Amino acid sequence: MVTVDGALQAFIDDVESVVGSTEDEHEITKRVAELLSALLGSDYRLPDELTRPSDEHHVNYPLYIAPGSGWSLAAVVWNVGQRTPVHGHETWGVAGIYSGAEREFRYAKPMAGESGRPLTRVGENVWEPGQVTVCCTTDDDVHSVAAVGDVPTVGIHVYGADIGAIDRRSYDPETGAVRWFVSGWNTPAAAG
Ligand SMILES: [Fe+2]
């Protein structure tokens, strides 16, 4: 885990207080989105090693995992042209763009009993630096994300669980086929 500086510690304390105040995911995500928006609008800078892409695939670096894994904070980095599979999160999530830009493709989450049917596209957005989106609540959490533009895309994401450790679904949008996975966390390379 990275060293947490004063600005990030204040953000963590504020999120902790929101998460501890209610179980309502819509309320939590609304308030966390406001906090993340303020962080991105401040002079906070991520450590350089948490903004480095991998040539192989997008990477998730842990910024903070709450004791008890009740929520987590990630720096997510896509190299130019990288794209995630269509995936779910199985919890709430708030995503902000730190640098670069992403195109998000949203899908309706299949209900129980709807497996084996193609997924329904419900929206598409381009997100740019400073913008924050509620990517997920447990019942509405399916999307894919592509880095757009000619520089890597870096996001700061807040999730309602240890997002590197929980069981999540990826989907074949053409068939609706589901594969369960655990993403794990990537380790930042030592500063060179
Ligand atoms: Fe995602």
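Quick notes on the rules
- Residues numbered from 1 in each chain as written.
- Predicted model: local features only at pLDDT ≥ 70, side-chain atom pairs only at ≥ 80, totals over all residues.
- Heavy atoms only, no water.
- 1 Å grid on protein atoms, 1.4 Å probe; cavity = no way out; pocket = protein on both sides within 12 Å on 5 of 7 lines; lining within 4 Å.
- Points joined across faces, edges and corners; volume = space filled by probe spheres on them.
- Helix = DSSP H or I, 4+ residues; strand = E, 2+ residues; numbered from the N terminus.
- Nonpolar A, V, L, I, M, F, W, Y, C, P; charged D, E, K, R; others polar.
- Disulfide = S-S within 2.5 Å.
- Buried < 20%, exposed > 50% of the residue type's maximum accessible area, 1.4 Å probe, protein only.
- Salt bridge = Lys/Arg side-chain N within 4 Å of Asp/Glu carboxyl O.
- Donors = N, O, S within 2.8 Å, 3.2 Å for Na, K, Ca; no water.
- Pairing = 2+ DSSP bridges.
- Axes fitted to C-alpha atoms, helices over the stretch in contact; angles between N-to-C directions.
- Contact = heavy atoms within 4.5 Å.

*Asks:* Got a minute to help me understand the layout of surface pockets in this structure?
*Replies:* One water molecule sets the probe size; rolling that probe over the atoms shows where empty space is left. The volume enclosed by the largest pocket comes to roughly 360 Å³. Those elements giving two or more residues to the lining of the largest pocket turn out to be strand 2 (72–78), strand 8 (142–148), strand 9 (153–159), strand 10 (168–171) and strand 11 (178–181). Sorting elements by how many residues they give to the lining of the largest pocket places strand 2 first, with 3 residues. Taken together, the residues of the lining of the largest pocket sort by class into 8 nonpolar, 11 polar and 2 charged.

*Asks:* Please explain the state of the cysteines as it appears in this structure.
*Replies:* Every disulfide links exactly two cysteines, by a covalent bond between their sulfur atoms. Scanning the model with the defined rule gives 1 disulfide in all. Each sulfur in the disulfide pair Cys135 and Cys136 lies 2.2 Å from the other. Classification of the bridge connecting Cys135 and Cys136 rests on its S-S torsion, roughly -60°, and on that basis the disulfide is left-handed. No difference in accessibility class separates Cys135 from Cys136, as the two residues are buried.

*Asks:* Please explain the pattern of salt bridges as it appears in this structure.
*Replies:* Once the charged atoms of two side chains with opposite charge are near each other, the side chains can pair. Following the criterion strictly, the structure yields 8 salt bridges and no others. Glu104 serves as the salt-bridge partner of Arg106, at 2.9 Å between the closest nitrogen and oxygen. An identical accessibility class is assigned to Arg106 and Glu104; each is buried. Where salt bridges share partners, they join Glu90, Lys109, Asp141 and Arg169 into one cluster.

*Asks:* When you look at the coordination of the iron ion in this model, what are you seeing that I'm missing?
*Replies:* A metal bound by six donors in octahedral fashion has ideal angles of 90 or 180 degrees, whereas one bound by four tetrahedral donors has an ideal angle of 109.5 degrees. Protein ligation of the iron ion involves His87 (NE2), His89 (NE2) and His143 (NE2), the donor distances falling in the range 2.1 Å. Positions of the donor residues of the iron ion along the chain correspond to the pattern H-x1-H-x53-H. A relative accessible area of 9% places His87 in the buried class.

*Asks:* What is the right way to read the sheet that holds strand 1 (residues 59–65) from this model?
*Replies:* Two strands in a sheet stick together by hydrogen bonds in their backbones, pointing the same way (parallel) or opposite ways (antiparallel). One open sheet holds the 5 strands; their spatial order is 1-2-9-4-7, and the pairing between them is antiparallel. Of all the strands in the sheet, just strand 1 and strand 7 (132–136) have a single pairing partner and so form its edges. The mean inter-strand angle of the sheet, taken between neighbouring strand axes irrespective of direction, is 25°. Here 7 bridges tie strand 2 to strand 9, and the two strands are oriented antiparallel to one another. Paired with Ala74 across the bridge in strand 9 is His157. Sheet strands touched by helix 2 (residues 25–41): strand 4 (93–99), strand 7 and strand 9. Its angle to strand 4, the strand with the most contacts, is close to 10°.

*Asks:* It is not clear to me how the pairing of strand 11 should be interpreted in this structure. Could you clarify?
*Replies:* Side chains on a regular strand alternate between the two faces of the sheet. Sheet topology places strand 10 next to strand 11; 4 bridges connect them, and they run antiparallel. Bridge pairing in strand 11 places Arg169 opposite Trp180. With antiparallel pairing between neighbouring strands as the criterion, strand 10 and strand 11 make up a hairpin whose turn holds 6 residues, including Gly176 at a positive phi of roughly 85°.

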